[in-house]
Every structure is written in C-alpha cells, then in structure tokens.
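# Structure assessment
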Protein chains: 2
Amino acid sequence: MKPVRLAILGLGTVGGGVLQLLQENATEIKRRTGREIQITHVGTRRPRPDLNLEGIQQSDNLLEIVRQPDVDIVVELIGGLHPAKDIIIEAIKHGKQVVTANKALLAEHGNELFTLADQHVVQIAYEAAVAGGIPIIKVMREGLAANRINWLAGIINGTGNFILTEMREKGRPFEDVLKEAQELGYAEADPTFDVEGIDAAHKLTLLASIAFGIPLQFDKVYTEGISKITAQDVQYAEELGFRIKHLGIARRAEKGIELRVHPTLIPKEQPLANVNGVQNAIAVNASAVGQTMYYGPGAGGGPTASAAVADIIDLVRDISYTEDGSGTIPQLAFESLKDIPILPRQEITSGYYLRINVEDLTGVLADVTTILSHLGISIDAILQQPRLKNRIPIVIMTDPIVESKMDEAIAKIQALPATHGEVIRIRLESLEH
Amino acid sequence: MKPVRLAILGLGTVGGGVLQLLQENATEIKRRTGREIQITHVGTRRPRPDLNLEGIQQSDNLLEIVRQPDVDIVVELIGGLHPAKDIIIEAIKHGKQVVTANKALLAEHGNELFTLADQHVVQIAYEAAVAGGIPIIKVMREGLAANRINWLAGIINGTGNFILTEMREKGRPFEDVLKEAQELGYAEADPTFDVEGIDAAHKLTLLASIAFGIPLQFDKVYTEGISKITAQDVQYAEELGFRIKHLGIARRAEKGIELRVHPTLIPKEQPLANVNGVQNAIAVNASAVGQTMYYGPGAGGGPTASAAVADIIDLVRDISYTEDGSGTIPQLAFESLKDIPILPRQEITSGYYLRINVEDLTGVLADVTTILSHLGISIDAILQQPRLKNRIPIVIMTDPIVESKMDEAIAKIQALPATHGEVIRIRLESLEH
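Owing to the predicted nature of the structure, the values given are computational and were not obtained by experimental measurement.

## A look at the overall build of chain A
The secondary structure content of chain A amounts to 14 helices and 16 strands. A compact globule built from 433 residues should have a C-alpha radius of gyration of about 22 Å, and chain A, at 24 Å, falls within 12% of that. Projected onto its principal axes, the C-alpha positions of chain A cover 80 × 45 × 35 Å. In chain A, the proportion of contacts linking residues at least 24 apart, taken out of those at least 6 apart, comes to 73%. Of the side chains in chain A, 42 bear a positive and 55 a negative charge, and the two mean positions are spaced by 1 Å.

## Structural notes on the nonpolar core
Nonpolar side chains in soluble globular proteins generally cluster together in the buried interior. Core analysis: the largest hydrophobic core is formed by 122 residues, its most contacted members being Tyr126(A), Ile136(A), Met140(A), Tyr126(B), Ile136(B) and Met140(B). Apart from residues no more than four positions distant in its own chain, Tyr126(A) is found in contact with Thr100(A), Leu106(A), Phe114(A), Ile137(A), Arg141(A), Leu206(A), Ile210(A), Asp311(A), Gln331(A) and Leu332(A).

## Section: the sheet that holds strand β2 (residues 37-43) of chain A
Hydrogen bonds between backbone groups are what pair the strands of a sheet, and the pairing can be parallel or antiparallel. Residues and elements named next belong to chain A. Judged by pairing direction, the sheet is parallel, and its six strands sit side by side in the order β3-β2-β1-β4-β5-β6 without closing on themselves. The open sheet has two edge strands, β3 (57-59) and β6 (124-125), and neither has a second partner. Here six bridges tie strand β1 (residues 4-9) to β2, and the two strands are oriented parallel to one another. The residue of β2 that forms the bridge with Val-4 is Ile-37.

## Points about the interface of chain A and chain B
Opposite the 60 residues of chain A that make contact, chain B presents 60 residues. Roughly 4900 Å² of surface becomes buried between chain A and chain B when both sides are summed, with 52% attributable to carbon and sulfur atoms. The tally of links from chain A across to chain B stands at six salt bridges. Note that Arg148(A) and Glu28(B) form a salt bridge whose closest N and O atoms lie 3.8 Å from each other. Put simply, chain A and chain B have 24 residue pairs in polar contact (both at pLDDT 80 or more) between them. Within the residue set of the side of chain A that touches chain B, elements represented by two or more residues are α2 (26-33), α6 (136-143), α10 (198-212), β12 (290-297) and α12 (301-321) of chain A. For the side of chain A that touches chain B, the residue count by class is 29 nonpolar, 17 polar and 14 charged.

## Looking at α12(A)
It helps to recall that an α-helix has 3.6 residues per turn; residues three or four apart then point in one direction. Helix length check: α12(A) (21 residues) gives 30 Å between terminal C-alpha atoms against 30 Å at 1.5 Å per residue, within 8%. Most of α12(A) is tucked away, with 18 of its 21 residues classed as buried.

## As for the UniProt feature "binding site: L-homoserine" (unreviewed entry) in chain A
Residues and elements named next belong to chain A. The feature "binding site: L-homoserine" (unreviewed entry), as given by UniProt, occupies Glu-188 in the numbering adopted here. Here Glu-188 shows up in the loop between α8 (174-183) and α9 (192-195). Not counting chain neighbours up to four residues away, the residues in contact with Glu-188 comprise Gln-182 and Asp-194.

## Thoughts on the packing of helix α4 (residues 84-93) of chain B against helix α5 (residues 103-119) of chain B
All names here are of chain B. Put simply, α4 and α5 touch, their axes get as near as 11 Å, and they point 15 degrees apart. Regarding the angle of α4 to α5, the classification is roughly parallel. The two elements α4 and α5 meet at a crossing, and its hand is right-handed. Taken together, the residues of α5 that come into contact with α4 (itself represented by Ala-84, Lys-85, Ile-88, Ile-89 and Ile-92) are Leu-105, His-109, Glu-112, Leu-113, Leu-116 and Ala-117.

## Quick look at a negative patch on the surface
A cluster of like negative charges, contributed by Glu323(A), Asp324(A), Glu323(B) and Asp324(B), occupies part of the molecular surface. Note on placement: Asp324(B) falls in the loop between α12 (301-321) and β13 (349-359).

## Observations concerning the sheet that holds strand β2 (residues 37-43) of chain B
Residues and elements named next belong to chain B. Here six strands make up an open sheet; going across it, the order is β3-β2-β1-β4-β5-β6 and the pairing parallel. Edge positions in the sheet fall to β3 (57-59) and β6 (124-125), since each of these pairs with one other strand and no more. As paired strands, strand β1 (residues 4-9) and strand β4 (residues 73-76) are joined by four bridges and run parallel to one another. The residue of β4 that forms the bridge with Leu-6 is Ile-73. Seen against the sheet, α4 touches β1, β4, β5 (97-100) and β6 and runs at an angle of roughly 155 degrees to β5.

## Here's the deal with the environment of Val121(B)
All names here are of chain B. Positionally, Val-121 belongs in the loop between α5 and β6. According to the relative accessible area criterion, Val-121 is partly exposed, its value standing at 37%. In this structure Val-121 touches Asp-324 and Ser-326, once residues within four positions along its chain are discounted.

## Side note on unusual backbone geometry
At the junction of His82(A) and Pro83(A), the peptide bond is cis and its omega measures out at 10 degrees in the coordinates. Structurally, Pro83(A) is set in the loop between β4 (73-76) and α4 (84-93). Phi angles above zero are rare outside glycine, and Ala131(A) is one such case at about 60 degrees. Structurally, the position occupied by Ala131(A) is in the loop between β6 and α6. Of note, Ala333(B) is a non-glycine position whose phi angle comes to about 75 degrees, a positive value. Tracing the backbone shows Ala333(B) in the loop between α12 and β13. When its relative accessible area of 0% is taken as the criterion, Ala333(B) is described as buried.

## Topic: the packing of aromatic side chains
Taken as a whole, this structure holds five aromatic pairs over all chains when the rule is applied. Summarising the aromatic geometry, the rings of Tyr294(A) and Tyr294(B) are spaced 6.3 Å apart at their centres and angled 55 degrees between planes, so their arrangement reads as tilted. On the criterion of chain membership, the pair formed by Tyr294(A) in strand β12 and Tyr294(B) in strand β12 (residues 290-297) is interchain, its members lying in two chains. Just as Tyr294(A) is buried, Tyr294(B) falls in that class too. Judged by centre distance (5.4 Å) and plane angle (65 degrees), the ring pair of Phe114(B) and Tyr126(B) falls under edge-to-face.

## A short note on the pattern of salt bridges
One pass over the structure, following the stated rule, counts 60 salt bridges over all chains. As a salt-bridge pair, Arg67(A) and Glu90(A) come within 2.6 Å of each other at their nearest N and O atoms. Taken together, the residues Arg67(A) in the loop between α3 (62-65) and β4 and Glu90(A) in helix α4 connect sequence positions 23 residues apart. The class for Arg67(A) is partly exposed, based on a relative accessible area of 34%. Judged by relative accessible area, Glu90(A) falls into the buried class, the value being 18%. Overlapping salt bridges bring together Lys138(A), Glu142(A), Asp314(A), Lys138(B), Glu142(B) and Asp314(B) as one network.

## Digging into the relation of the copies chain A and chain B
Both copies of the chain are related by a screw-like operation: a rotation about an axis and a shift along it. At an RMSD of 0.1 Å, chain A and chain B line up after a rotation of 180 degrees and a shift of 0.0 Å along the axis. Put plainly, the chains are arranged around a two-fold axis. A share of 100% of the interface residues of chain A reappears at the interface of chain B, consistent with the copies meeting face to face through the same patch.

## Let's talk about the pairing of strand β7 (residues 149-155) of chain B
Residue and element names in this part refer to chain B. Counting buried positions over the seven residues of β7 gives six, a clear majority of the element. Pairing of β7 with strand β11 (residues 279-286) involves six bridges; the strand directions are antiparallel. By the bridge assignment, Gly-154 is partnered in β11 with Ile-282. Pairing analysis gives four bridges linking β7 to strand β9 (residues 242-252), with the strands arranged antiparallel. Each bridged residue has a counterpart across the sheet, and for Ala-153 the counterpart in β9 is Ile-249.

The rules behind the values
- Residues numbered from 1 in each chain as written.
- Chains lettered and ligands numbered in written order.
- Predicted model: local features only at pLDDT ≥ 70, side-chain atom pairs only at ≥ 80, totals over all residues.
- Heavy atoms only, no water.
- Helix = DSSP H or I, 4+ residues; strand = E, 2+ residues; numbered from the N terminus.
- Rg over C-alpha atoms; globule rule 2.2 N^0.38 Å.
- Contact = heavy atoms within 4.5 Å.
- Lys, Arg positive; Asp, Glu negative; His and termini not counted.
- Charge placed at Lys NZ, Arg CZ, Asp CG, Glu CD.
- Core = buried A, V, L, I, M, F, W, Y, C linked by side-chain atoms within 4.5 Å.
- Buried < 20%, exposed > 50% of the residue type's maximum accessible area, 1.4 Å probe, protein only.
- Pairing = 2+ DSSP bridges.
- Buried area = accessible area lost by both parts, 1.4 Å probe.
- Salt bridge = Lys/Arg side-chain N within 4 Å of Asp/Glu carboxyl O.
- Polar contact = N/O pair within 3.5 Å; in protein donor to acceptor, adjacent residues only side chain to side chain.
- Nonpolar A, V, L, I, M, F, W, Y, C, P; charged D, E, K, R; others polar.
- Expected span 1.5 Å × (residues − 1).
- UniProt positions renumbered as here; feature names shortened; annotations may be inferred.
- Axes fitted to C-alpha atoms, helices over the stretch in contact; angles between N-to-C directions.
- Parallel < 35°, antiparallel > 145°, perpendicular 65-115°, else oblique.
- Left-handed = near helix turned anticlockwise from the far one by under 90°.
- Patch = residues over 30% accessible without salt bridge, like charges linked within 9 Å, V, L, I, M, F, W, Y side chains within 5 Å.
- Areas by Shrake-Rupley, 256 points an atom, 1.4 Å probe, with all protein chains shown as cover.
- Phe/Tyr/Trp six-rings, centres within 6.5 Å; stacked < 30°, edge-to-face > 60°.
- Least-squares fit on C-alpha atoms with pLDDT ≥ 70 in both.

Quick look at the structure:
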C-alpha cells in the first residue's frame with residue numbers, strides 16, 4: 001500500500017512535536033499500522049531550522065496546502081478561530097481527513113464542522129483537544145461505550161490546577177502564583193482563558209457531548225474562574241477536610257444536563273483531590289463500571305503531539321481498512337444526537353461553602369442560620385474562626401440545595417446590617433454517587 | 001441493517017451482567033452503533049430465573065452453540081483453560097468474532113489463538129481480561145499508539161491490593177486479612193491465583209505484549225506473591241516513606257524486557273501508592289506523553305461486563321463498516337511482533353529493601369555493610385529498630401543493582417553467624433523515570 005500523506009499546519013511546540021514524533025517513532029508506528037506515513041507539506045510562517053524538513057514542501061499559504069492532491073490528512077495545529085475554521089472547511093470540502101487540537105474552534109463551531117465532515121464522509125479527530133496526553137476522548141467514546149454516563153468531573157486546565165496547588169501547599173496569594181506561572185510559561189501573558197475557566201469550558205463542552213450524545217453547547221456552560229479564591233478559603237477548606245479544585249462538571253440530572261466550570265470543594269480522600277501541579281485528571285461515573293479515573297499531563301508539546309499522532313494512526317487504519325476511510329466510530333460518539341436540555345445555573349443542585357464577614361455582633365449567627373433554615377437549607381458544618389481585625393469570618397458548609405434558593409439566601413445575608421463585603425460562595429461536591 | 005447476533009457462553013456474574021447491560025442500555029447502545037444487537041443464544045448449565053431470557057435459545061452444549069449460523073459474535077465467559085480453548089477454536093473456525101474475559105487462556109495459549117483468528121479473518125477481543133472496567137487494552141493499543149512504551153506498572157489484582165491495604169491501615173497480619181477477604185467474596189477458597197501473583201502474571205503477559213509488540217510469554221514472567229509480607233515490613237516501609245504494593249511491572253531495559261510480578265516498595269507520593277482496597281490502577285511511562293495513570297474497579301460483574309460490552313460494540317462497528325469485519329486494529333496492537341528477549345530475574349535491576357534479623361553483636365552492621373560495599377551495592381538508608389526479644393532487625397534500603405549481585409550479597413549475609421532466619425528482600429521502584 002502506498003504511504004498515507006500528511007500536511008502539518010503550524011510548526012509551533014505541538015506541530016513540531018508531531019513532526020518529530022512521526023520521524024523518531026517511524027519504525028514502531030509502521031509496525032502498528034502496517035503502512036507508511038509520509039509528511040508531504042508543512043504550513044508555517046516561522047522557519048524551524050532545528051527540525052528535519054528534508055523532502056517536505058513548506059508554504060505559508062495554508063488554504064493552498066489543504067487543496068493539494070498529495071494530502072490525505074490535514075493536521076491543524078495553528079489554534080484560534082480564524083483562519084483555522086476556514087482552513088478546516090476547505091480541507092473537508094477537498095475530502096481530507098482532519099486532526100486538530102483546537103478545542104475553542106470545536107466547542108464554538110463544532111456542530112457545523114462535524115456535520116460538514118459527515119456530508120463529505122471524512123472525520124475530524126480531536127483527541128489532542130482535551131486533556132493533552134490522556135486518551136480521554138477514546139476512553140469516553142469507545143472504552144465506556146457500554147455505559148450510561150452519570151457524570152464526569154475533570155481537572156482539565158493545568159495552569160489553574162498549578163495555581164491552586166501552590167496556594168494550598170505554600171499559602172501563597174493568587175496573584176503571586178499567577179505571576180510565577182507566567183514566568184514558568186504555564187500561563188499566557190493574558191491568563192483569562194485559563195484562570196476564568198474558558199479553556200476548561202471549551203473542553204467540557206466536548207466531553208459532555210460525547211458523554212451524553214448531545215450537540216456541542218459552549219454558550220450554555222456556566223463558567224466561573226479561580227481569580228476570586230483567596231488563600232484564606234483554601235486554608236478553611238483544608239481544615240474542613242476538603243480541597244478546592246477548579247472542576248469542569250457534566251452531570252445527568254433529572255430535568256436535564258448540568259454543565260459547569262467552577263472552583264469546587266471536594267473531600268480530601270477523593271482521587272481527584274490528590275491531583276497536583278499542572279497534571280490533569282478526569283473522573284467518570286458510569287452506570288456499569290462505577291467510577292474510573294484518568295490521569296496525566298494535560299498540556300505541552302509531547303503529550304499533545306502524542307494525542308494528535310494517535311489520531312493520525314487511527315485514521316491511517318481507517319483509510320486502510322474501511323470501505324471509504326470514513327471510520328467506524330461516530331465523531332461525537334453517537335450516531336444520532338439528542339437534544340437533552342442544559343440546565344441553567346439556578347436549577348443546579350450542589351452543596352455550598354459560604355464565607356461571611358460579619359462584625360462581632362451578638363445574634364448575627366442566629367440571623368444567618370434563620371435565613372438558611374427558612375429557605376430549607378440545612379447546615380452541614382460551621383467553622384469558628386478567630387477574629388481578623390474587627391471582623392469575624394463565619395464559614396458555613398451546607399447540604400445540597402438548588403442554586404436559586406442559595407441565591408435568595410445570599411441576597412438576604414448580604415442585606416444584614418452586620419455583613420461586610422461580599423459573601424463568598426464556593427460549590428461543594430462529594431463525587432461519591 | 002439486520003441485527004448483529006450474539007451468543008453468551010456462561011451466565012455467572014459476568015455473563016449475566018453482559019446480558020442485563022445489553023438489555024438495559026439497548027437504546028443508548030443503539031444510538032452509539034446505529035445497529036441493533038440481538039442475543040440469540042445463551043450457553044449455561046445453571047438456570048437463571050432472575051434474568052430475562054425471552055426469545056433466547058438456551059443450551060448447555062457450548063460447542064453446538066458456536067456452530068450456529070445465527071451467531072455473529074461469541075462471548076466466552078466460562079473461564080478456565082478447558083473446555084474454553086476448544087470452544088473458542090471452534091467458534092473461530094466457524095468464522096465467529098470472539099469476546100472473552102479469559103486472561104489465563106489468552107496468556108497461556110494466546111499466540112496460537114490469535115494466529116488462528118488472523119487466519120480466519122476474525123478478532124478475539126479481550127478488554128474484559130485485564131483490569132475489569134478500566135479500558136486499559138484500548139488505551140495501550142490505540143490511545144498511546146504514538147509512543148514507545150518505556151514501562152508500565154500496575155496494581156492488577158484487587159484481592160492482593162485489598163489485603164495489603166488492610167495490613168497497612170490496620171496493622172493486621174496477612175492470614176487474618178486473607179480470611180476476611182474470603183468471607184467478603186474478594187478471594188477464592190483457593191487463593192493461590194490471587195495472592196501468589198499468577199492472576200497478575202496472566203494480565204501482565206497481555207499488557208506487555210501490546211506495550212512492546214512481543215509474543216505472549218507467560219512462562220517467562222518472574223512471579224512472587226504477597227503471602228510472605230509481614231505487617232512489620234509494611235510498617236517499616238511506611239516509616240521509610242514507602243508503601244508496599246503488589247505490582248506487575250513490564251519494562252524495556254537495554255538488553256531486553258523485564259517482566260515481573262512481586263511486592264514492591266514505591267514512594268508514598270506516587271499516584272499508585274494511593275490506590276487502595278480492591279481498586280486497580282495502571283501507570284504507563286511512554287516516550288512522548290510521559291506518565292499517565294488509569295484507575296478504577298478491576299473486577300466484579302458490572303465493570304467486567306462494561307468491558308465485554310465495549311468490545312461487542314467495537315465489533316458491531318467493525319462488522320458494519322469494514323470490508324470483511326476484520327477490524328482496523330491489530331489484535332496484539334502491532335501488525336508484526338518482535339522477539340525482544342525477556343530478561344531472567346538475575347539480570348533485572350532494581351533497588352532493594354532488606355530486613356535482616358541479627359543478634360545484638362557488635363560489628364555485625366559493619367559485616368553487612370562491608371559485604372554490600374564489596375559487591376558495589378550502595379546503601380540508601382538504614383533504619384534503626386528497637387530490639388524485638390533478643391534480635392535486632394536491621395532494615396536497609398539499597399540503590400538499584402542487578403539482581404545477581406543481590407543474590408550473592410544475601411547468600412553472604414545469610415552465612416554470617418549473627419544472622420537469624422531468612423533475609424527478607426522486597427524490591428523497590430521509584431516509578432519516576
């Protein structure tokens with residue numbers, strides 16, 4: 001059989017990594033596929049004299065590359081929405097298979113792109129778009145295919161997890177650790193995507209779609225970042241037997257699907273609580289298997305290239321063995337998607353950690369507990385804290401309650417004359433059922 | 001498309017679980033495959049009035065069932081070598097696809113069976129044979145396909161892990177916990193397969209084959225059980241910052257492949273060290289991605305059925321979409337296997353934990369350290385222990401050394417007049433590189 005021919009678009013850390021991996025492991029990869037993989041084109045503006053590009057055509061005209069007849073698979077690693085979207089559309093229209101790590105593009109325009117790919121009988125493979133080197137797309141789409149997925153919860157942004165780990169281990173404030181993360185190259189100059197949860201929401205959108213067989217709905221993910229978490233809250237959580245993690249959660253509830261990214265208290269003994277630094281991990285609760293967890297590096301050239309090349313190998317096998325190269329597994333895990341409603345934040349049920357700064361007035365704790373009890377919110381724990389200046393922080397953990405009730409409770413507590421500043425609310429999940 | 005037709009052989013916990021899972025999740029599974037799955041036959045001797053067997057033919061003549069024309073996939077869940085082997089051979093010769101959880105059969109006769117399957121252009125799928133509900137076969141064979149696997153280390157026997165966890169957490173002796181495990185149904189009446197590492201060696205044989213693309217070589221796995229581990233050693237390990245886990249390890253060394261199952265000290269902070277009770281987990285170190293870990297329930301009806309049904313779904317997709325239903329992925333991960341030598345125990349390098357019971361004689365520690373230093377074995381730590389009766393246990397941790405040297409050292413230490421009883425040796429792995 002003649003080689004399968006590849007165009008790699010973007011020769012940054014990941015694109016360069018894909019090229020090197022295919023070159024270094026060529027023998028072993030050929031033992032797996034039984035067929036040679038040949039890189040015919042690279043699309044890049046920056047020269048990369050450190051890479052071996054012998055016999056490969058280089059150009060910065062990406063649209064032109066994806067139209068070439070000597071390209072079977074297009075590997076899009078330039079990122080961002082534009083011009084990536086137009087390039088992938090052009091590739092699909094020319095009958096090319098597509099591999100991409102572009103979570104933002106798929107989360108925001110995936111419904112359109114996957115439909116177009118189906119029409120042209122090609123695949124868009126996206127293992128590299130979620131959790132780097134952990135093959136979580138394959139696990140969810142195929143490995144757990146026998147199960148009804150109940151929920152998944154993931155640490156799917158390494159930068160955020162690094163920051164929270166440092167805050168906990170060294171008691172450092174958020175801004176301080178963020179600055180270090182930027183110096184270490186873990187965080188971008190504009191850290192919004194990472195610390196405000198947008199990157200995690202992109203990944204969660206993809207995971208939820210293949211978990212439940214629903215269309216991609218990025219705009220319906222409730223998203224809250226970690227920039228308001230204080231070292232104080234991290235410390236209180238610790239004293240209560242919990243860790244604060246920035247989780248992406250997708251859960252099948254009675255009335256619909258919960259889709260949310262926010263800081264979350266989870267019990268210390270949960271495997272996810274012990275995932276530290278830039279590592280990623282996804283826990284999945286499924287009907288037959290129960291709880292499984294997948295752990296590893298979520299970013300970086302090597303891990304992301306590993307995922308992209310695994311997709312390339314799958315495609316090479318599909319091109320070689322299926323009738324039309326279209327592949328045997330539905331792109332979004334299910335042959336037909338179902339429009340299960342995504343619940344608004346107010347209809348989601350969870351436990352809460354509340355931190356309320358009050359003046360040392362007799363009766364204020366009674367006022368707060370009365371407000372909660374009138375709304376049917378039961379208290380699981382109260383942490384007595386030493387006086388900070390003239391204010392006393394009251395820390396309360398509640399049993400699960402629908403969020404609209406909690407909104408009401410917080411508004412009322414906020415209105416008490418003794419309350420100072422904002423009431424801090426962090427959601428809490430036991431991750432047990 | 002007409003339904004894909006299934007025969008389930010064996011209606012025990014797992015077989016019954018497969019049947020129920022296919023019935024309960026029929027709608028969701030059909031959304032995934034786009035095709036119906038119909039159970040046409042079950043092979044069982046025991047009646048199962050609790051199961052819904054309406055419209056399914058029952059028989060205890062398994063050889064007859066696998067010859068039926070209305071069977072596309074045979075799901076073998078009777079276990080054991082005989083008659084399972086003959087039944088699978090008959091199924092393959094009749095052109096049936098095979099799904100099995102039979103690790104013993106595949107580890108010991110897999111080379112013959114997989115070759116026969118290739119000749120008849122059918123597949124033997126075996127996700128359920130290793131680590132229950134964790135889709136580790138798929139992860140290794142496809143998800144990490146871009147990588148050269150450096151090593152894997154797994155807690156792949158839940159019974160053994162339950163026993164070691166109880167010994168550590170409650171300071172209980174081995175025999176005591178084993179008895180409880182038997183009462184809880186975690187361990188068989190004859191616990192040899194679990195506690196002596198044979199079950200783990202079967203699974204490791206399969207994992208090593210797909211990690212390195214080598215033939216199945218169960219007889220070359222060095223296998224040591226946990227029955228000699230004492231609560232005392234578990235305690236000493238803890239004081240030194242380690243946990244004792246019963247690991248299956250496959251490692252690519254310079255001269256060949258290490259294949260071994262034995263109790264192992266690993267650093268407490270390693271993710272594997274924190275896998276407790278009957279849970280399984282496999283850590284994989286691979287060239288591009290680095291270290292990833294896969295965690296979940298390794299046994300039980302639900303998890304094992306989840307894996308078997310995932311295989312069934314893969315096969316249904318392959319039957320539907322590939323030209324001949326042969327599938328796109330090589331059964332043992334590689335199109336061609338390589339005969340890399342398996343190293344004998346004596347050529348394997350690791351660190352060691354030694355416990356030596358000596359009389360309180362001046363100079364004995366000097367004798368021991370001299371023996372070690374003459375053989376080029378460096379000491380990493382020595383634990384000073386309080387006197388037990390009239391004997392002092394000396395606990396020594398060494399840096400990595402080839403095992404033939406350690407054999408020599410132990411023989412010499414054993415020959416010292418001050419040494420009492422056997423020198424206890426437990427291997428030690430940092431799991432870092």
